[in-house]
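Observations on the three-dimensional arrangement
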Amino acid sequence: MKSNLTTDQMKRGEFLRSLGLSSATLMAFYCMGTTLTSCSKSNDPAPATGTGTGTGTGTGTTGFTGNADASAGAINYTLDLSTTSYSNLKTVGKFAIVGSTIVAKTKDGSLIALSKACTHEGTTVEYRAAQDDIYCTNHGSEYSLTGAVDVGPATRALTQYKTTLSADGNTLTVKA
Ligand code: FES
């Protein structure tokens, strides 16, 4: 009887130890998981915040058809402005970068398209609603809405593309 008790106690002890070990192991995994999670979170770059009015749409986006890459041939594409990707272009002051081009809905409500690369050193330009012009943030070149240089250091104009909006206002065609 005595020996049975001892055996039972030993068994219980072993059982509890094994439970303890198991819990500790589980905790170790849990902590490791937590650490990894928080580690990966702390290594993530802070979310980008911006005050601009542009949209970062590309040529693989829904609502885009054609060629917007000047190095792959003549610019010739259509944008479906009823899609969320390009619906911003229905609003005055907004712009989108599409392949090699920048498309903007200017102050007078027109849609313009120009080459996006500043002719100074190639930085992607932006449309400035307040000034109603095209601006390069790199060294401050300013272009008119036809692409002509207003303020250097750029000396060559941006390429202007023809834009045609469908009667329903939903399809914009941009061509060389
Ligand atoms: S790259 Fe645009 S002004 Fe220099």
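Located above this text is the structure these notes cover.
Anyway, here's the lowdown on the structure attached to this text. Model, not experiment: these values are computed from the prediction. (Residues numbered from 1 in each chain as written. Predicted model: local features only at pLDDT ≥ 70, side-chain atom pairs only at ≥ 80, totals over all residues. Heavy atoms only, no water.)

1. Examining the sheet that holds strand 7 (residues 126-128)
Keep this limit in mind: When DSSP finds at least two bridges between two strands, those strands are taken to pair. Per the convention used, a helix needs a DSSP run of H or I reaching at least four residues, while a strand needs a run of E reaching at least two, with both numbered from the N terminus.
Ordered in space as 7-8-9-10, the four strands form an open sheet in which the pairing is antiparallel. Strand pairing shows two members of the sheet lacking a second neighbour, strand 7 and strand 10 (149-151), which therefore form its edges. Relative to strand 10, strand 9 (residues 142-143) runs antiparallel, the two being bridged by two bridges. Bridge pairing in strand 10 places Glu 142 opposite Val 151.

2. Points about the nonpolar core
The condition that has to hold: Among buried residues, those of type Ala, Val, Leu, Ile, Met, Phe, Trp, Tyr and Cys that are joined through side-chain atoms within 4.5 Å constitute a nonpolar core. Using a 1.4 Å probe on the protein chains alone, a residue whose accessible area is under 20% of its type maximum counts as buried, one over 50% counts as exposed, and one in between counts as partly exposed. It only takes one pair of heavy atoms within 4.5 Å for two residues to be counted as in contact.
Membership of the largest hydrophobic core comes to 16 residues, with the highest contact counts inside it found for Tyr 77, Leu 79, Leu 89, Val 98 and Val 103. For this core, the elements supplying multiple residues, two or more each, are strand 3 (76-80), strand 4 (95-98), strand 6 (111-115) and strand 12 (171-175). Once residues within four sequence positions are removed from consideration, Leu 79 is found in contact with Gly 63, Phe 64, Tyr 86, Leu 89, Val 98, Val 103, Asn 170, Thr 171 and Leu 172. Of all hydrophobic cores here, the second largest spans 14 residues; its members include Ile 97, Cys 118, Cys 136 and Tyr 143.

Limitation: the analysis is restricted to geometry and does not speak to function.
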